[in-house]
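Examining the three-dimensional arrangement
This is what each chain is made of:
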Amino acid sequence: VYSPFDPDRYVAQIAPRPVLIISGTTDQTVLLANARKLQKAAAQPKTIYDFRGSHNPTLGPDADDVANRIGSFLLHNIVQPEYGIKSRPNGTFFEQ
């Protein structure tokens, strides 16, 4: 039985579906050491992004970049394979 408090025990089972893990470098809710454990335990295909900030990725200096990476991940892994819509040449989704 898996506990919601042990995501590193089951994150690898998400594969072969892609997973995006976004972690705040100063997060006090999910400490960076625990985020690293989760990142390491995740199987490929995985996309890892550490942003400068705390628990809320929509705040702080990297908020626009976080939104862009989420959009790019969704475009690349869901929209493009399903509908044939491609991202910009630099792999981005939103204007910067």
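What you see is a predicted model, and the numbers here were worked out from it, not measured in a lab.

1. Quick notes on the pattern of salt bridges
- Counted according to the given criterion, the structure contains 5 salt bridges.
- The partner of arginine 69 in a salt bridge is aspartate 65, with the nearest N and O atoms 3.0 Å apart. Taken together, the positions of arginine 69 and aspartate 65, both in helix H3 (residues 63–83) and 4 residues apart, correspond to about one turn of that helix.
- The exposure class of arginine 69 is partly exposed, given its relative accessible area of 37%.
- The exposure class assigned to aspartate 65 is partly exposed, which follows from its relative accessible area of 24%.

2. Observations concerning the pairing of strand S2 (residues 46–51)
- Pairing of strand S1 (residues 19–24) with S2 involves 6 bridges; the strand directions are parallel. If you follow serine 23 over to S2, its bridge partner there is aspartate 50.
- Once the chain exits S1 it traverses helix H2 (residues 32–41) before rejoining the sheet at S2, and the crossover so formed is right-handed.

3. Quick look at a nonpolar patch on the surface
- Taken together, Ile70, Leu74 and Ile78 make up a surface patch of nonpolar side chains, about 240 Å² in accessible area.
- Mapped onto the secondary structure, isoleucine 70 falls in helix H3.

4. Some remarks on the environment of threonine 25
- Looking at the secondary structure, you find threonine 25 in the loop between S1 and H2.
- Distance from threonine 25 to glycine 53, taken between C-alpha atoms, is 5.8 Å for residues 28 residues apart in sequence.
- Beyond its immediate stretch of four places on either side in the chain, threonine 25 contacts Leu32, Asp50, Phe51, Arg52 and Gly53.

5. Quick look at the confidence of the model for the protein chain
- For the protein chain, per-residue confidence averages 87 on the pLDDT scale, and 84% of positions sit at 70 or higher.
- In the model of the protein chain, helix H1 (residues 7–10) stands out as the element of lowest mean pLDDT, 85, in contrast to S1, which has the highest, 97.

6. So, unusual backbone geometry
- With an omega of 15°, the peptide bond running from alanine 15 to proline 16 counts as cis.
- Following the sequence through the fold, proline 16 ends up in the loop between H1 and S1.
- Cis geometry is found at the peptide bond from glutamine 44 to proline 45, where omega equals 0°.
- Assignment of secondary structure puts proline 45 in the loop between H2 and S2.

7. Focus: the side chain of serine 23
- Mapping serine 23 onto the fold places it in strand S1.
- Side chain to side chain, serine 23 and glutamine 39 meet in a polar contact 3.1 Å long.
- With near-sequence residues (within four places) excluded, serine 23 lies in contact with Leu32, Ala35, Gln39, Tyr49, Asp50 and Phe51.

Rules behind the numbers
Residues numbered from 1 in each chain as written. Predicted model: local features only at pLDDT ≥ 70, side-chain atom pairs only at ≥ 80, totals over all residues. Heavy atoms only, no water. Salt bridge = Lys/Arg side-chain N within 4 Å of Asp/Glu carboxyl O. Helix = DSSP H or I, 4+ residues; strand = E, 2+ residues; numbered from the N terminus. Buried < 20%, exposed > 50% of the residue type's maximum accessible area, 1.4 Å probe, protein only. Pairing = 2+ DSSP bridges. Right-handed = clockwise from strand over helix to strand, strands pointing away. Patch = residues over 30% accessible without salt bridge, like charges linked within 9 Å, V, L, I, M, F, W, Y side chains within 5 Å. Areas by Shrake-Rupley, 256 points an atom, 1.4 Å probe, with all protein chains shown as cover. Contact = heavy atoms within 4.5 Å. pLDDT = per-residue confidence, 0-100. Polar contact = N/O pair within 3.5 Å; in protein donor to acceptor, adjacent residues only side chain to side chain.

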